[in-house]
Amino acid sequence: MTLRRAPLVLAAASAAVLSPDAALSFAPASRTTTPAVFRHAAVPGVASSAVRLSAVAGTSAADTVSSAPLTGGEDKWTWRGHEIYSEVTLPVGASASSSNPLASFFGSFGAPASKKKPIALLLHGFGASTTYWRATVSALSENGYEVHAIDLLGQGRSAKPGDVYYSTKLWAALVDDYAREVIGDRDVVLMGNSLGSVVALAATVGETDGSDADAEGHLSSGGRVKGVCLFNCGIGMNSKNIIDDPRFDSFQRVLLKATFAVFETLLFNRFVLGYALNNVVTPDLLRDALTGLYKSDPSRVDNELVMSFYGPAKDDGAPEALRQIYTNDPGPTPMSLHEKYPSVLGVSTPIHAVWGDDDAVTSLEEVVGKYYGSLAEDPERRVSLDVVSAGHIPFDDNPEDSNGSMLRWLNAL
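Presented here is an overview of the structure given in this document. These numbers were taken from a predicted model, which means no experiment stands behind them. (Residues numbered from 1 in each chain as written. Predicted model: local features only at pLDDT ≥ 70, side-chain atom pairs only at ≥ 80, totals over all residues. Heavy atoms only, no water.)

Below, the discussion takes up the nonpolar core. In this structure, Leu-140, Leu-153, Trp-171, Val-175 and Tyr-372 are the most contacted members of the largest nonpolar core, which totals 94 residues. The biggest single contributor to this core is helix α5 (residues 168-183), with 10 residues. Leu-153 has contacts with Trp-79, His-82, Glu-83, Ile-84, Ser-158, Ala-159, Pro-161, Val-164, Tyr-166, Leu-170, Trp-171 and Leu-174, leaving out every residue within four places of it along the chain. (Core = buried A, V, L, I, M, F, W, Y, C linked by side-chain atoms within 4.5 Å. Buried < 20%, exposed > 50% of the residue type's maximum accessible area, 1.4 Å probe, protein only. Helix = DSSP H or I, 4+ residues; strand = E, 2+ residues; numbered from the N terminus. Contact = heavy atoms within 4.5 Å.)

In this fold, Asp-284 is placed in helix α9 (residues 283-291). For Asp-284, a relative accessible area of 56% corresponds to the exposed category. Taking C-alpha positions, Asp-284 is 8.3 Å from Val-306, a pair spaced 22 residues apart along the chain.

So, about unusual backbone geometry. Even without glycine at this site, Ser-194 takes up a positive phi of about 55 degrees. As for its placement among the helices and strands, Ser-194 is situated in the loop between β7 (188-193) and α6 (195-205). Residue class for Ser-194 comes out buried when judged on its relative accessible area of 6%. Positioned with a positive phi, Asn-232 is a non-glycine residue whose angle comes to about 50 degrees. Within the element layout of this structure, Asn-232 appears in the loop between β8 (225-231) and α7 (250-266).

Glancing now at the packing of helix α4 (residues 134-142) against helix α15 (residues 399-411). Running from N to C, α4 and α15 cross one another at 40 degrees; their axes reach a closest spacing of 10 Å. The angle between α4 and α15 places the two elements in the oblique class. For the element pair α4 and α15, the recorded crossing hand is right-handed. On α15, the residues that touch Ala-135, Thr-136, Ala-139 and Leu-140 of α4 are Pro-399, Asn-403, Met-406, Leu-407 and Leu-410. Partitioning the contact of α4 with α15 into residue classes produces seven nonpolar, two polar and no charged. (Axes fitted to C-alpha atoms, helices over the stretch in contact; angles between N-to-C directions. Parallel < 35°, antiparallel > 145°, perpendicular 65-115°, else oblique. Left-handed = near helix turned anticlockwise from the far one by under 90°. Nonpolar A, V, L, I, M, F, W, Y, C, P; charged D, E, K, R; others polar.)

A few words on the environment of Gly-206. Position of Gly-206 among the secondary structure elements: in the loop between α6 and β8. Residue Gly-206 is classed as partly exposed on the basis of its relative accessible area of 30%. It is 7.9 Å that separates the C-alpha atoms of Gly-206 and His-218, two residues lying 12 residues apart in sequence.

The next thing to look at is the side chain of Glu-146. With respect to the element layout, Glu-146 can be found in the loop between α4 and β6 (147-150). Reaching out from Glu-146, the side chain makes a polar contact with the side chain of His-148 at a distance of 2.8 Å. (Polar contact = N/O pair within 3.5 Å; in protein donor to acceptor, adjacent residues only side chain to side chain.)

Once that is clear, we can look at the pattern of salt bridges. On inspection of all chains with the given rule, the structure shows 13 salt bridges. The partner of Asp-302 in a salt bridge is Arg-134, and the shortest N-O contact between them spans 4.0 Å. Here Asp-302 is found in the loop between α9 and α10 (303-313), whereas its partner Arg-134 is found in helix α4, with 168 residues between them in sequence. Assessed through its relative accessible area of 22%, Asp-302 is described here as partly exposed. Arg-323 is the salt-bridge partner of Glu-320, the closest N and O atoms lying 2.8 Å from each other. Within this pair, Glu-320 and its partner Arg-323 are both found in helix α11 (residues 318-327), separated by three residues, close to a single helical turn. (Salt bridge = Lys/Arg side-chain N within 4 Å of Asp/Glu carboxyl O.)

This is the structure:
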């Protein structure tokens, strides 16, 4: 990203007011068997250990991702007193009658088809939700994987409290606790898009917010993370990490800091964001913003995708959550995490990156893309990179090539 483009990216983000990082519509694949799907919509006051899983089997692909609650399929998971929304999809061929979902909660899921396969845990990007993973969920479940997708705190259908400090490490702690309390001792493969990729890396190495400093990281201990798949990996929680890009000299960094300060003061405050979310953001505006992220097949931006962004934007806590995400400390970069944990990321834990070749948000030609390109060329690293024809959300923009690349890597682990 050049110095000249930095404020343009911020301006575009504020115009969409939701995300530089989004996506999905869905073209259902033909199949004869539909995976059983479980929904978790957390409710305050219900302990995590009291999770109740209700199977919803035999529903259509469209039903499994509907924003409306499925009868008997909603569930509750509470994290630090806040509602967390998640969806669990069983492998095709496994159903509520043929397997016990509670066994997965206690670490010994009973579906024979997936017993030897790791659970896939999907982490969305900035402003997105579980919705845009639909094509990926379908591909994974049809290949025998149990899939968990969660909405990060402050986004999607999860709670949006104003009394927390949003950060990559906060979300990494959420992911680690989810894996500990819901998935148990099963092996896991983390998959993330953009911001979610950075959260996946942080959770893998135990870079959490320190609120539970007395407890050892669940995912970072015992080799539970069998791999990390990054779809167009971001540089941090927001764009402020570009200030440290080595291509900028000291004068350019001063200008960048001043630019960010102006945007934070004039645009990224709760009053302006609140007004924009309530009075400016419309489904048509969101559709235009999302369509700009789809370079391979813009027609996949459908009403369901648009409304999955529009609904959460109207939640009471949305302005403050978005303000913090735009303006808080950007947290670790992928490069800093690799440097801090050189024996883990890309060494003991393999990494596969899938990158859309026409991404204006996290281009392959920018610092993160170039970094993973160089790692993939190093024979001593367990890092691979596939470039596909797509924009910022390759797994939905071009699901056949993107999810095909992911599955080839995953099945070879």
